[in-house]
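Single-letter residue listing:
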Amino acid sequence: MLEDTIAALATPPGEGGIGIIRLSGSQAVAIAGKIFNPRQGPGLAASRSHFLRLGLIQDPDTGETIDEVLISVMYGPHSYTAEDVVEINCHGGALATARVLQLVLRQGARLAEPGEFTRRAFLNGRLDLAQAEAVLEVIRARSSQGLQAAMAHLQGQLSGKIKELSTGLTGILAAFEASMDFPEEVGPVDQEKLQELRQILAGVEKLLASWEEGRLLSEGLRIAIVGRPNVGKSSLLNALLNQERAIVSNIPGTTRDTIEETLQLGGFTCRLIDTAGLRETADTLESIGVARSKQAIEAADLVLMVIDLQDGIQAEDRRILATVKNKQVIITGNKRDLAGDNCEGLAAFAGDNPYVAISALTGVGLNELAQRIRELVLGGRVSRQADEPLIMKVRHRDALERCREHLQSASAAWEKGLPEDLIAVDLWAAVNYLGEITGSTAREDLLDRIFSDFCIGK
Ligand SMILES: Nc1nc2c(ncn2[C@@H]2O[C@H](COP(=O)(O)OP(=O)(O)OP(=O)(O)O)[C@@H](O)[C@H]2O)c(=O)[nH]1
Ligand SMILES: [Mg+2]
């Protein structure tokens, strides 16, 4: 599969300033050379690596000019895939790029599969698997903090840590192999190695502990806005987004479905979820909405529980508070503009939870609310030094958890003085799980799954 030359549109389809057709493989230059007519200078095959050249794309069969382009050749191994790569910068119209791609395919290239360029970069050893996945993390990053963490992954921060742990483990394994192969000469494995094993286990645990924050960076903080009907939940969503996203009305039960929008707060992505007002209802549609609200509460990292300061605390509010008691909650007293200075019940109702009085209508108190959210995000969860690696993918977490199990079982067996071959089996398994992260022990079906997440052209 690595032998054929692949091609695809590398920019999003549709209209744009430019659209780039990318080719990779041993025939990339020869294929592009057949359709490129340079404005000046020699043919494409004589191009300098990493230089742009101007010319026309012409159909070699008919002589028809398709587009005027800038073209670059990047010879392997100094290219994205480590193979010869050609990028054709077309005018960014859907038709021009489609015609150029067609021509390239007709000259012998094959349409790339999703993620195939990056997969080749991995198979050719230019990126390891964690770095290849980071390409997608960078593309999909939704907050500046998330982008920073993804870039660190792309540059090998996580891979470096995994390799360090793996090298340590391999060293211990080598000691076991030697001791098992030559029991007379070598003798039992030194107890010092047990200490090393414990340190490696601590390293794995530290990485696992970063998951909570990593997930936050990649997925965003889920904030559910909940409360009785008509307290102003949708108004709050709109006010925070600064946009009339959800329908607001004075009819209780306006919002029937959950509405989700993202918002950037202090460099973090927050996913704000407006929910249907919580109450007992005989209306079928509304009760479906209420069930969805409950699911949203379940999945939320943070709940903004909205109460109506004008109405004061109601029995229903207390019931709702009880249902969110094991969540992080900010009690949000709304309609402060109607309540005058009468916000006393709020503090007592909130108890240990942080609270703030706002008006979604006038905007009073919204900055303070955003500040509270930031404090909870930054204070409670984000404690990491930026130069420490963190994990952001379920796949990495799962592999590390399995690795940890085997390390625990190896060290327990060691402490009990169990046979060396038993310990070695666990150590092997642990090394394998680390290798799944960087790809050194990843199987074909795993690669298929990972790269099918990419789009064509990446
Ligand atoms: N004066 C005042 N009115 C508000 C404020 N916030 C919301 N309202 C009004 O309260 C009514 C209900 O607002 P919504 O945002 O639709 O309330 P909700 O909680 O989403 O209601 P449901 O979707 O039915 O559960 C509307 O008439 C809003 O204009 C506020 O801070 N001050
Ligand atoms: Mg609503």
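Sequence order as written defines residue numbering, which begins from 1 separately in each chain. Think of it this way: whatever chain is written first is A, whatever ligand is written first is 1, and the rest follow in order. Local features in this predicted model are restricted to residues whose pLDDT is 70 or higher, and side-chain atom pairs enter the listing and the counts only when it is 80 or higher, whereas totals over whole chains, interfaces and linings include all residues. Working from all heavy atoms in the structure, the side-chain values ignore hydrogens and water.

Participant: Mind laying out the domain arrangement of the chain, listing which residues take part and the relevant values?
Facilitator: Splitting the chain by domain gives domain 1 (6-112), domain 2 (134-210 + 390-451) and domain 3 (224-381). Computed over C-alpha atoms only, the centres of domain 2 and domain 3 are separated by 43 Å. Pairs of residues are marked as contacts when any of their non-hydrogen atoms sit within 4.5 Å. Listed as interface residues are four residues of domain 2 and, on the opposing side, seven residues of domain 3. A 1.4 Å probe defines the accessible area here, and the buried area is the portion of it lost by two parts on being joined, summed over both. For the pair domain 2 and domain 3, the summed buried area comes to about 420 Å², and 45% of that belongs to carbon and sulfur atoms. By the criterion of area lost to domain 3, the three top residues of domain 2 are R142, S143 and Q145, representing 92% of everything that side buries. By definition, a salt bridge exists where a carboxyl oxygen of Asp or Glu is found within 4 Å of a side-chain nitrogen of Lys or Arg. At the junction of domain 2 and domain 3, the tally comes to zero salt bridges. Definition of a polar contact: a pair of N or O atoms within 3.5 Å, with one able to donate and the other able to accept a hydrogen when the atoms are protein atoms, and with sequence-neighbouring residues admitted only if both atoms are side-chain atoms. The interface formed by domain 2 and domain 3 holds three residue pairs in polar contact (both at pLDDT 80 or more) in total. Residue polarity is assigned by list, with Asp, Glu, Lys and Arg as charged and Ala, Val, Leu, Ile, Met, Phe, Trp, Tyr, Cys and Pro as nonpolar; anything else, Gly included, falls into the polar class. For the side of domain 2 that touches domain 3, the per-class residue count stands at no nonpolar, three polar and one charged. An automatic or database domain assignment is the source of the domain bounds shown.

Participant: Summarise helix α9 (residues 211-219); cite the residues concerned and give the values.
Facilitator: Each residue gets one of three labels from its accessible area relative to the maximum for its type: buried under 20%, exposed over 50%, partly exposed in between, using a 1.4 Å probe on protein chains only. A helix here means a DSSP run of H or I that spans at least four residues, while a strand means a run of E at least two residues long, and both kinds are numbered starting from the N terminus. Among the residues making up α9, those that are buried are W211, E213, G214, R215, L216 and L217. G220 sits one or two residues past α9 and shows a positive phi near 95°.

Participant: Give a description of the site of ligand 1 that names residues and reports values.
Facilitator: We define proximity as follows: a residue is near a molecule or strand when any one of its heavy atoms falls within 4 Å of that partner. Taken together, the neighbourhood of ligand 1 is formed by 23 residues, with K233, S235, G253, T254 and T255 sitting nearest. The side chain of S359 places a nitrogen or oxygen atom 3.0 Å from an oxygen atom of ligand 1. Contact between ligand 1 and L361: an oxygen atom at 3.2 Å from a main-chain N or O atom of the residue. Those elements that place two or more of their residues in the shell around ligand 1 are α10 (233-241) and α13 (336-339). In the shell around ligand 1, the residues fall into eight nonpolar, twelve polar and three charged.

Participant: For the pairing of strand β5 (residues 65-74), give the residues involved together with the corresponding values.
Facilitator: Among the ten residues that make up β5, seven are buried, leaving the element largely enclosed by the rest of the structure. Strand direction decides the pairing type here: strand β4 (residues 52-58) and β5, joined by seven bridges, are antiparallel. Its bridge partner lying in β5, L56 is registered against E68. Between the end of β4 and the start of β5, which pair antiparallel, lie six residues, with G63 showing a positive phi angle near 80°. For two strands to be treated as a pair, DSSP must find at least two bridges joining them.

Participant: Report on the state of the cysteines, specifying residues and quantitative values.
Facilitator: Any cysteine sulfur atom paired with another within 2.5 Å is treated as part of a disulfide. Within the structure shown, the criterion is met by zero disulfides. C455 takes part in no disulfide bond, and the closest cysteine sulfur to it belongs to C90, at a distance of 17 Å.

Participant: Would you mind going over the pairing of strand β12 (residues 329-334) in detail, with residue names and values included?
Facilitator: Summarising burial for β12: six of the six residues are buried, a large majority. Because side chains alternate across β12, one face comprises the buried residues V329, I331 and G333, and the other comprises I330, T332 and N334, equally buried. Bridging between strand β11 (residues 302-308) and β12 involves six bridges; their strand directions are parallel. What sits directly across from L304, in β12, is I330. With the strands aimed away from the viewer, a crossover counts as right-handed if its path from the first strand over the helix to the second runs clockwise. Handedness of the crossover joining β11 and β12 through helix α12 (residues 315-323): right-handed. With three bridges connecting them, β12 and strand β13 (residues 355-357) associate as parallel partners. Directly across from I331, in β13, lies its bridge partner Y355.

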